[in-house]
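Per-entry structural report
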Amino acid sequence: MWKSRDEKPLTSPNPQPLAPVVPAPAPAPTRTVETPRMDTYRADVAHIGKSVIIRGELSGSEDLYLDGEVEGNIDLHNHNLVIGPNGRVRANVQAKDVVIHGKVDGNVTGVDKVELKKSAMLNGDIDTQRIVIEDGAFFKGAIDIRKAEAKVEASRPVAQAAAAAITHSTPVASSSVPAEKK
């Protein structure tokens, strides 16, 4: 069988006071920094980092996030371009949508839209259908706002129908009026 042991009291003869419970310090508030993003998400977005320098022609068939330096021309006809806060561009730019956070010296053509964020600095002309300039952005140049091409195409069938109605109308019978005698 078993032997019984001498039971000791659960408390020690010299009780020590418990340490007071101190709540953990609240974590320091974190600052969120907005990362420039493309308006529409695409899996095929190229990224040029801030340490990259390109001199010459830059063209592509995908969206581009540019945070480096470019001298020359940038041509992304049917794709979007975001120039990041570290981006330095000395070039003429052509893209579908252009969002500028950094510095651009050159003309910017945005087929659909051009956005100048508050940290943007643009010295050059803008040619686009829609423009957004945030408070605090620096812009020196001219703006040419084009009408949307879809509206022009939509009005063509109406004009063509009107022209067809005129050419296919029945001729007016000429009346024979006797000439005046002198």
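Residues numbered from 1 in each chain as written. Predicted model: local features only at pLDDT ≥ 70, side-chain atom pairs only at ≥ 80, totals over all residues. Heavy atoms only, no water.

Some details on the overall build of the chain
This is how the line gets drawn: The helix count covers DSSP runs of H or I at least four residues long, the strand count covers runs of E at least two residues long, and both are numbered beginning at the N terminus. Exposure is judged per residue with a 1.4 Å probe applied to protein chains only, and the accessible area is read against the type maximum: over 50% gives exposed, under 20% gives buried, and values in between give partly exposed. Throughout, a residue-residue contact means that at least one pair of heavy atoms, one from each residue, lies within 4.5 Å.
Each helix and strand counted, the chain has 1 helix and 12 strands in total. In sequence order, the secondary structure elements of the chain are arranged as β-β-β-β-β-β-β-β-β-β-β-β-α. Across the 182 residues of the chain, 25% fall into the buried class. Restricting to contacts in the chain with at least 6 residues of sequence separation, those with at least 24 account for 7%.

A look at the pairing of strand β4 (residues 69–76)
Consecutive residues of a regular strand have side chains that alternate between opposite faces of the sheet. To be explicit about the condition: Here the rule is simple: two strands pair whenever DSSP picks up at least two bridges between them.
When strand β2 (residues 53–59) meets β4, the two strands line up parallel, connected through 7 bridges. The residue of β4 that forms the bridge with G56 is G72.

Focus: the confidence of the model for the chain
The following threshold applies: pLDDT runs from 0 to 100 and stands for how confident the predictor is about each residue.
On average, residues of the chain carry a pLDDT of 77, and 58% of them reach 70 or more. Counted against residues more than four places away or in other chains, residues 165–177, with its pLDDT under 50, gives 0 contacts.

Structural notes on the pattern of salt bridges
Pairing of side chains with opposite charge becomes possible as their charged atoms draw close. Our working rule: Just to be clear on terms, a salt bridge is a Lys or Arg side-chain nitrogen sitting within 4 Å of an Asp or Glu carboxyl oxygen.
Summed over the entire model, instances satisfying the criterion amount to 7 salt bridges. A salt bridge links E71 to R55; the shortest N-O distance between them is 3.7 Å. With a gap of 16 residues between them, E71 in strand β4 and R55 in strand β2 connect regions that are remote in the sequence. In this structure E71 comes out as partly exposed when scored by relative accessible area, which is 26%.

Examining the nonpolar core
As a reminder of what qualifies: The nonpolar core is taken to be a set of buried Ala, Val, Leu, Ile, Met, Phe, Trp, Tyr and Cys residues, with the residues joined through side-chain atoms within 4.5 Å.
Counting 22 residues, the largest nonpolar core has L66, I74, L81, V89, I100 and V108 as its most contacted members. With 6 residues, strand β6 (residues 88–100) is the single largest residue contributor to this core.

Some points on the side chain of D63
Residue position: D63 is located in strand β3 (residues 63–66). Under the relative-accessibility criterion, D63 is labelled buried at 0%.

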